[in-house]
Amino acid sequence: MDVLINVFVALHIIGIAALLGGFLTQMKAMGAGTARFTPPMLHGALTMLVTGVALVGLNEADGQAVNNLKVGVKLAVLVVILGLVYVKRDEETVDKAVFGVVGGLTIANIFIATLWT
C-alpha cells in the first residue's frame, strides 16, 4: 500500500508543478497584461483533484489518520483555482487580478500542505 500511496503523492506533486509552472511562465505576460491560462494549468489542477481524493481514500484504507479539516480547506482552495482556470481557459487574456489570485491560491495550497501539521 505504501508504494501505491507514494505513486499518488508523486502524481500529486506533478499536478502542482504543472499548475505552478504554468503560472510562473506567464508572470512576464501578466505584467504586460497578456497572461492566459494554459492547458497544463487546467490539467495540473485536475490532476491535483483526482490524486488528492485518491490519497485521502488510500490513507483511510491503510488506517492512517487523515486531517479532514486540512483536506477540506485544501479542497476548497483547489475548487476555486479549478473554477477560475476552467471558466477563463478559452480567453485570450486574463485579468491580472484573476491571474494573481490563481497564483496566490496555488502557493497558499502548497503552504497549507507543507506547514499545517
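Below you will find a few notes about this structure. Every chain is numbered on its own, with residues counted from 1 as its sequence reads. Selection of residues for local features in this predicted model requires a pLDDT of at least 70, selection of side-chain atom pairs for listing and counting requires 80 or more, and totals for whole chains, interfaces and linings are taken over all residues. Only hydrogens and water are set aside; all other atoms, that is, all heavy atoms of the structure, feed into the side-chain values.

### Let's talk about the side chain of Lys 74
Turning to its location among the elements, Lys 74 is positioned in helix 4 (residues 68-88). Relative accessibility thresholds used throughout: buried, under 20% of the residue-type maximum; exposed, over 50%; partly exposed, between the two (1.4 Å probe, protein chains only). In this tally Asp and Glu are treated as negative and Lys and Arg as positive; neither His nor the chain ends contributes. Any Lys or Arg side-chain nitrogen found within 4 Å of a carboxyl oxygen on Asp or Glu counts as a salt bridge. Look at Lys 74: it is buried, it has no salt bridge, and the nearest opposite charge is Glu 60 at 16 Å. Each polar contact in these results corresponds to two N or O atoms within 3.5 Å; when the atoms are within protein, one needs to be able to donate a hydrogen and the other to accept it, and residues that are neighboring in sequence are counted only if both atoms are side-chain atoms. Only 3.2 Å separates the side chain of Lys 74 from the side chain of Asn 109, close enough to count as a polar contact. By definition in these notes, contact holds between two residues if any of their heavy atoms fall within 4.5 Å. Not counting residues up to four positions away in its chain, the partners in contact with Lys 74 are Asn 109, Ile 112 and Ala 113. For the purposes of this entry, the term helix denotes a DSSP run of H or I that reaches at least four residues, the term strand denotes a run of E that reaches at least two, and both are numbered from the N terminus.

### Let's talk about the pattern of salt bridges
Applying the stated rule across the entire model yields 2 salt bridges. A salt bridge links Glu 91 to Lys 88; the shortest N-O distance between them is 3.6 Å. The partly exposed category is assigned to Glu 91, whose relative accessible area is 33%. Lys 88 sits in the partly exposed class, given a relative accessible area of 25%. The salt bridge partner of Arg 89 is Asp 90, with a shortest N-O separation of 4.0 Å.

### Side note on the packing of aromatic side chains
In summary, the pairing rule links any two rings of Phe, Tyr or Trp, Trp by its six-membered ring, whose centres are within 6.5 Å, and it sorts them by plane angle into stacked for under 30 degrees, edge-to-face for over 60 and tilted for everything else. Going through the model one piece at a time under the given rule, you end up with 2 aromatic pairs. Considering the side-chain rings of Phe 23 and Phe 99, the 5.2 Å spacing of their centres and the 25° angle between planes classify their relative orientation as stacked. On the criterion of sequence distance, the pair formed by Phe 23 in helix 1 (residues 2-25) and Phe 99 in helix 5 (residues 96-115) is long-range, its members being 76 residues apart. Accessibility assignment for this pair places Phe 23 and Phe 99 in one class, buried. Residues Phe 37 and Phe 99 carry aromatic rings whose centres are separated by 5.2 Å and whose planes lie at 25° to one another, so their mutual orientation is stacked. Here Phe 37 is found in the loop between helix 2 (27-32) and helix 3 (39-61), whereas its partner Phe 99 is found in helix 5, with 62 residues between them in sequence. The exposure classification of Phe 37 matches that of Phe 99, with both residues buried.

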